[in-house]
Structure formats: C-alpha cells, structure tokens
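Inside the fold
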Amino acid sequence: MSHDHDDGHLDPKSGDRRVAIAIWANGLLTVAQIIGGILSGSIALIADAIHNFSDMASLVIAFGARKISRRPADARMTFGYGRVEIVAALINYTSLILIGFYLIYEGVMRMVDPPEVAGWTVVILGTVALAVDTLTALLTYSMQKGSVNIRALFLHNLSDALASVAVILGGTLILLFDMRWVDPAITIGIALYILYLALTEIGGPIRTLMLGSPPDLDNDAVISAVRGIDGVVDVHHVHLWQMEEHAVALDTHVVIEQSKWEELEAVKRSIKQTIEKRFGITHSTLEFEGEANAHENAQIYEHGTDRGDGDHGQ
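Please read these numbers as outputs of a predicted model, since none were measured by experiment. Along each chain, the written sequence defines residue order, and numbers are assigned to residues from 1. Side-chain atom pairs in this predicted model are given and counted only at pLDDT of 80 or more, local residue features only at pLDDT of at least 70, and totals for whole chains, interfaces and linings cover all residues. Neither water nor hydrogens contribute to the side-chain values; these are computed over all heavy atoms in the structure.

1. Focus on the packing of helix 3 (residues 84-112) against helix 6 (residues 182-201)
The geometry of helix 3 relative to helix 6 is characterised by a closest axis approach of 8 Å and an angle of 160° between their N-to-C directions. On the basis of their axis angle, the class for helix 3 and helix 6 is roughly antiparallel. With respect to the hand of their crossing, helix 3 and helix 6 are arranged in left-handed fashion. Residues Tyr93, Leu96, Ile97, Gly100, Phe101, Leu103, Ile104, Gly107, Val108, Arg110 and Met111 of helix 3 form the contact with helix 6, whose participating residues are Pro184, Ala185, Thr187, Ile188, Ala191, Leu192, Ile194, Leu195, Ala198, Leu199 and Glu201. Only C-alpha atoms enter the line fits that serve as axes; for helices the fit covers just the stretch in contact. Angles between N-to-C directions range over 0 to 180 degrees. Only DSSP runs of H or I reaching four residues or more are called helices, and only runs of E reaching two or more are called strands; each is numbered from the N terminus. Small angles under 35 degrees read as roughly parallel and large ones over 145 as roughly antiparallel, with 65 to 115 read as roughly perpendicular and the rest as oblique. By the definition used in this description, the sense in which the near helix is turned from the far one sets the handedness, with an anticlockwise turn below a right angle giving left-handed and a clockwise turn giving right-handed. Throughout, a contact is declared for two residues whenever any of their heavy atoms are within 4.5 Å.

2. So, the pairing of strand 3 (residues 283-290)
Classification of residues uses two cut-offs on accessible area relative to the type maximum, computed with a 1.4 Å probe and protein chains only: under 20% is buried, over 50% is exposed, and between them is partly exposed. Counting buried positions over the 8 residues of strand 3 gives 7, a clear majority of the element. Whether two strands pair depends on DSSP finding at least two bridges between them. Summarising the sheet, strand 2 (residues 247-256) and strand 3 pair through 8 bridges and their orientation is parallel. Directly across from Leu250, in strand 3, lies its bridge partner Ser284. Each parallel crossover has a hand, and the one from strand 2 via helix 9 (residues 264-279) to strand 3 is right-handed. Place the viewer so that the strands point away; then a crossover is right-handed whenever the path from the first strand over the helix to the second strand goes clockwise.

3. Structural notes on the pattern of salt bridges
By salt bridge we mean one thing: a side-chain nitrogen of Lys or Arg within 4 Å of a carboxyl oxygen of Asp or Glu. Inspection of the entire model under this criterion finds 4 salt bridges. Notably, a salt bridge pairs Glu263 with Lys260, separated by 3.8 Å at the nearest N-O pair. Residue Lys260 is classed as buried on the basis of its relative accessible area, which comes to 17%. Each of Asp230, Lys260 and Glu263 takes part in salt bridges that share partners, so that together they form one network.

4. Observations regarding the confidence of the model for the protein
Note: pLDDT gives the predictor's confidence per residue, expressed from 0 to 100. Scored by pLDDT, the protein has a mean of 80; 85% of the residues are at 70 or more. Per-element confidence in the protein is highest for helix 8 (residues 219-227), whose mean pLDDT is 95, and lowest for strand 4 (residues 311-313), whose mean pLDDT is 45. Under a pLDDT of 50 for its full length, residues 1-10 has, in the predicted model, 28 contacts with residues more than four places off or in other chains. Confidence drops under pLDDT 50 across residues 306-314; counting only partners more than four residues distant or on other chains, this segment forms 28 contacts.

So, in structure tokens, the structure goes:
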C-alpha cells in the first residue's frame, strides 16, 4: 500500500540522499545564524535562524516519514504507513504557525526599543543563508511535485530564501542609514509571510486526516458513473476519501436490479473497472443490496446502519 512519489527520474535512495544533504546544510546554517544574531544583536537574523531550524526539524521529520511510509501493511496498520507523510506535513505546518506568532511578538517588542545591530554580520550571514536556502530549494524542487510532505519542506525553504533576501536588505539599510527599526520590521514581515504560507497550505493535510473527499475529485461524477452501469438502480452511504496522499478509496452501498442479482460479479467488476479507468480509484469496498431489500430513505452520504446482509467486494 505504500508508494514513493518522488519525481519519475529520482529513485527513493537518491531522494533520501537529497533530504539528508539539506538537513546538514540547514543545521550548520542555523548554528551560524544564531551565533551571528546574538553577536550582532539582530533579531531578524535570529528570526531567520529559527525559521531555518524549523526547516531542519521539518527535514528530519520528513526524512523519517519517507522511510516509514515505505513499510508494507501489517496487522497493526492494515492500510499501510503511507499516511505518516500527511501527519509529518501537518506537524511541519503547525510548527510554522507557532513560530510565526512568536516572531511577531518579538518583532513588536523590538520595534518599541530598537537595539544596536551589527550590519556587516547580518549581511554576510544573510548571504550565506540565501545560498543554503537556494540549495535546499533546488534539492527538493523536483520531489515536491508528488508529495505533500516534501512540498511543505519546499515552501519552508522558499520562504527562507525570501526571508534571507529581506535580512540582507535590512543589514544594508542599517549600514548605510542606521535604520535600526528595519530589523524588527523585517522580522514581522518574515513572520507574516510564514503565517500566510502555513495557513494556506495546512488545510490539505487536515482534510486528508479528517477523511475528507479528495478536493480534485467530482463526487457527483463518480456517483453518476456508478448509477449509469447496467444493472445498478442506485447508490447510497457513499464515502470517498484518501487512504494516503495519492490513493483514493470508495466505500458505498449499491442497489442492484433484482433480475441482475445472479450477475452480481459481472456488475461488481464493471463498477470497479469504470471508477478505476475514469477516476483513478483503485481501492473500493462495495456492499450490494437487492432492489427488494434496499435500505429505505437512505441518504447519499450519511453513515446509516448496515444490515449486514449485503455482498462486500474489494
């Protein structure tokens, strides 16, 4: 049930190697920026360091999630471990939101009484940070197209690169014009951008973990396709959800014409072939009911109470 969704030309080991390189690069950068921020008095540099540290933590979580997601299904996890990458993405986005609010608080406090800032230290370390952020973004760019877990990392790194540009600009203004208020102002700007990215992206992992229907899937089209199959009278108790990021599942009750009951296996096969070919749904659990014994007043999406007299196909 678990799959690796890296770019088609990138094998899992190469992808893991890229993530490992990014972890070490961001770890070393974080240490350098924190030391430089303390010595220079720059809260913006420390803010960027904290953001880079969150990236490193995110990379570690993502690295572990990638490894775990490849485990085969077992008695404890009968659907496999693919969803761990969704959990990792949720953790990463949540950490970004918390960091964003903390940086806003620190920035506002510094705006009240801007401290002395060593501009050259800020500019030099900001430039180093920009180089590392750009490297990490390049390492994860091709991988993020097929994984919400890696996409969270890529957005972290992209926001880091932009934040580093802002830090460099702030250090330059401090050097040229002694504009100390620029440092906390840039910190607040970085924090707002972090919050924007996290809040706009966190909905996807939450929707998946809440068993929401895939956002790019037309539920009505799926239902209509099943209803249009020869021998099918109606469907109800429909559940469309994502077992993991790239695996959509359908669980539904199907009412069959009484005259077609003897052809149940053929109808089942037709349903499964149709939803796989048209909608990419490769996992389905179907409960069949004869027209004479169908649930009365059943709703399309409600849970309902199963009678247990249907035929289940998978």
